[in-house]
Protein chains: 2
Amino acid sequence: MSLAELSPADLSALAEELTTSYAELKDAGLKLDLTRGKPSAEQLDLSNELLSLPGADRTTDGSGTDIRNYGGLEGLPEIRQIFADLLGIPVAQLIAADNSSLSVMHDSLAFALLHGRAGGTPWATRPHKILCPTPGYDRHFQLAEDLGFELISVDLSADGPDLETIKRLVAEDEAIKAIWVVPTYANPNGAVYSEAVTRELVSMPTAADDFTVLWDNAYAVHHLTDDELAPVDVLGLAAEAGNPDRVFVYASTSKITFAGAGVSFFGGSPATVAWYLKHLSKRTIGPDKTNHLRHALYLKDADGVRALMRRHRAIIAPKFDAVERILGDRLGSYGVATWTQPHGGYFVTLDVVENTATEVVRLAKEAGIALTPAGSSHPYGKDPQDRTIRIAPTFPPLDQVTAAIDGVATCVLLAAVTKLLRG
Amino acid sequence: MSLAELSPADLSALAEELTTSYAELKDAGLKLDLTRGKPSAEQLDLSNELLSLPGADRTTDGSGTDIRNYGGLEGLPEIRQIFADLLGIPVAQLIAADNSSLSVMHDSLAFALLHGRAGGTPWATRPHKILCPTPGYDRHFQLAEDLGFELISVDLSADGPDLETIKRLVAEDEAIKAIWVVPTYANPNGAVYSEAVTRELVSMPTAADDFTVLWDNAYAVHHLTDDELAPVDVLGLAAEAGNPDRVFVYASTSKITFAGAGVSFFGGSPATVAWYLKHLSKRTIGPDKTNHLRHALYLKDADGVRALMRRHRAIIAPKFDAVERILGDRLGSYGVATWTQPHGGYFVTLDVVENTATEVVRLAKEAGIALTPAGSSHPYGKDPQDRTIRIAPTFPPLDQVTAAIDGVATCVLLAAVTKLLRG
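Residues numbered from 1 in each chain as written. Chains lettered and ligands numbered in written order. Predicted model: local features only at pLDDT ≥ 70, side-chain atom pairs only at ≥ 80, totals over all residues. Heavy atoms only, no water.

Here we come to the interface of chain A and chain B. A common measure of how large an interface is: the accessible area buried when the components associate. Taken residue by residue, the interface counts 59 residues in chain A and 59 residues in chain B. Across the interface of chain A and chain B, roughly 4600 Å² is buried in total on both sides, 52% from carbon and sulfur atoms. At the junction of chain A and chain B, the tally comes to four salt bridges. The partner of Arg68(B) in a salt bridge is Asp45(A), and the shortest N-O contact between them spans 2.7 Å. Remark: the boundary between chain A and chain B carries 26 residue pairs in polar contact (both at pLDDT 80 or more). Of all the secondary structure elements, the ones that give two or more residues to the side of chain A that touches chain B are α2 (41–45), α4 (101–115), α5 (138–146), α9 (270–283) and α10 (289–299) of chain A. Considered class by class, the residues forming the side of chain A that touches chain B number 24 nonpolar, 20 polar and 15 charged. (Contact = heavy atoms within 4.5 Å. Buried area = accessible area lost by both parts, 1.4 Å probe. Salt bridge = Lys/Arg side-chain N within 4 Å of Asp/Glu carboxyl O. Polar contact = N/O pair within 3.5 Å; in protein donor to acceptor, adjacent residues only side chain to side chain. Helix = DSSP H or I, 4+ residues; strand = E, 2+ residues; numbered from the N terminus. Nonpolar A, V, L, I, M, F, W, Y, C, P; charged D, E, K, R; others polar.)

Of the transformation placing chain A onto chain B, the axial shift is 0.0 Å and the rotation is 180 degrees, giving an RMSD of 0.0 Å. Viewed as a symmetry operation, the transformation between the two copies matches a two-fold axis. Across chain A, the smallest distance between a C-alpha and the rotation axis is recorded for Ser52(A), namely 2.0 Å. Of the residues that chain A buries at the interface, 100% are likewise interface residues in chain B, meaning the two copies contact each other through the same surface. (Least-squares fit on C-alpha atoms with pLDDT ≥ 70 in both.)

Moving on, we get to the pairing of strand β7 (residues 212–216) of chain B. All names here are of chain B. The buried fraction of β7 is high, at five of five residues. Of the two faces of β7, the one lined by Thr-212, Leu-214 and Asp-216 and the one lined by Val-213 and Trp-215 are each fully buried. As judged from the four bridges shared by strand β6 (residues 176–181) and β7, these two strands associate in the parallel manner. Each bridged residue has a counterpart across the sheet, and for Val-181 the counterpart in β7 is Trp-215. Between the parallel elements β6 and β7, the chain passes through helix α7 (residues 195–203) in a crossover that is right-handed. The parallel pair β7 and strand β8 (residues 247–252) is bridged by helix α8 (residues 234–240), and the resulting crossover is right-handed. (Buried < 20%, exposed > 50% of the residue type's maximum accessible area, 1.4 Å probe, protein only. Pairing = 2+ DSSP bridges. Right-handed = clockwise from strand over helix to strand, strands pointing away.)

This is the structure:
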């Protein structure tokens, strides 16, 4: 029975019961962490072969280039080929970089800010704004804020973004230079951008002629079901729409091999890649080619990556299942929360009673369960409805995920009942 | 006998002789490259142990942190300690990054341009200039030019920079925000900045209150003689002078282990490091810690690095000796060139007859000997006297260095004689 339908007496009884449960939770002295989308040690172990690769007698790539020396700004051909196949991008339009795709995002934006895109005005010289489908990835928002962008929130549901609002805003405001997109299994709500939505994003008229779609395909191959979605050909669609240079593509192996020691990628139209390389060539002589070869030898080809991702799924899918099961069991009947059931990626978004998310996070923290701060999925860390909580279940072992989600459910209910009683 | 003292008949005879020698040189069909300061394969081989480190059972650093996962923005404590010892910088003031110190230079300058230094005005919002001791490192100059700095040349002799000019310029022009310094065995003339010179740079009055010394200690431990210079305590001197935040320190293992797959470093005052980390934290979750551990296990400690550098010296010192010997034998008596005799680093600077450097490079190229373009050691690639040529002898095997320098000597003489004959 929904909370709102309970009689005053039943509500009081429930409040008492929850207060007791919460006291027991605190007494249990938990120390659990659901904050960050990190692979677990068990997942990292899958790729330990990397720790002794490429091996002491392996000093060149397939073309005979010494991987130990300077050079090769675009990255090793072998590793670019594997991800070109996975992402459906011509290898000439995909370059491989160092361990962090966030860095590639930073650098591509810094280049646009300092130099302008391909002959245009440097973005930094004028007010610049960015569209932030919300809920979204906190590091995207913080990076853009640090770079002086004004963050503009637009709604993102599990079905996709609010296209009408996006189209209206970009058509009328020349200062809007970009939009963040996590097209596949979005962080944190698991949304998937369909081909139809993508087509709109790359073809819609924009006031800024250098408007850019920041296409962070972080979870392109991170499926949680048998339905292994193929990537949308965003660069092909953009070219077809007559806006070939509109898209920056990002990807990485952070949640494929090692989160801190993988390979990242940047893709775009031939002109975009040339522009990026031009400025990159002033920044570095080249990426770490030994790590590229290490990854190419280990992953072998696109199918090697797909096989590895199925092993990841075997480890993490039970954790997502546990989240869904416990939230259903504990909260389902009360009508106090909704949550996403992602088909891939690293997160579950839990929407609680309005104006209680901060309280839920506080209650959980006092009971030893760390959650991402309420609001972190929103621009400037401010959720106007104070209701969205991001849950990251991959890092802790399954029994800890179970205990933590059960505890969170108690906090969600307690906060909801308390709010109701206070009227 | 100096060329200028030769009789017209002797000069004609010499010209004929050189023309024949040059024709023979061209016929030899050489393919030699003295362009870039790259370690040779033999040097890289010294560190092949890195190719199978840290090893499949090594997943944590000394403090138990999983090196495979996210985090650790400052870099692995072990590798920071080794280079803190070598550079004479407190470990808390030295952070370890990825494979390219040029990238760290780019990023620190980009942060200053986009955000300003510690509360100051973003440099990008106003005209910004940088002092370039010349001859200098072409990539320094190109990076600054790409970032919109106006490059101002100041003389750098083998004894150090023209301090009087530097002090006058920085005192009167607020737009001068920085100076490039390669303090030890400067690229390309081998200059060493003494403690006295350093003290002046960190204590001189500057119109800009955020004036920054970009202290690129790329060759701190790259000695070619038994006199293994200790690094000047630039941060200590800056603090003593009341300008603790004036210096950015850069270093890397590019010419210690692998040129393309080493570890780079950034150092500064506590406030400078905090400022850098604040912006870096938006750019990345952390550097490649597996590569840090790989290096820490291989290098072991500061003495491990020193021992490795002596093995490098054993390989490259004979190449520098050959350059010096051949230039002396072939050019010494004619008074047509001077060259540096560096005590460390990666380069020899060859100054030829004015207005002939471009011709020497052209002649050498036609004979199959690649030299860095004349002017590359000067801001904007323009050497007003057209006389400076940078020679990088480390990469080719010794016999190729010998053949290439002998060929270059022929080109230098031929260009000089031709110029003299034309009046």
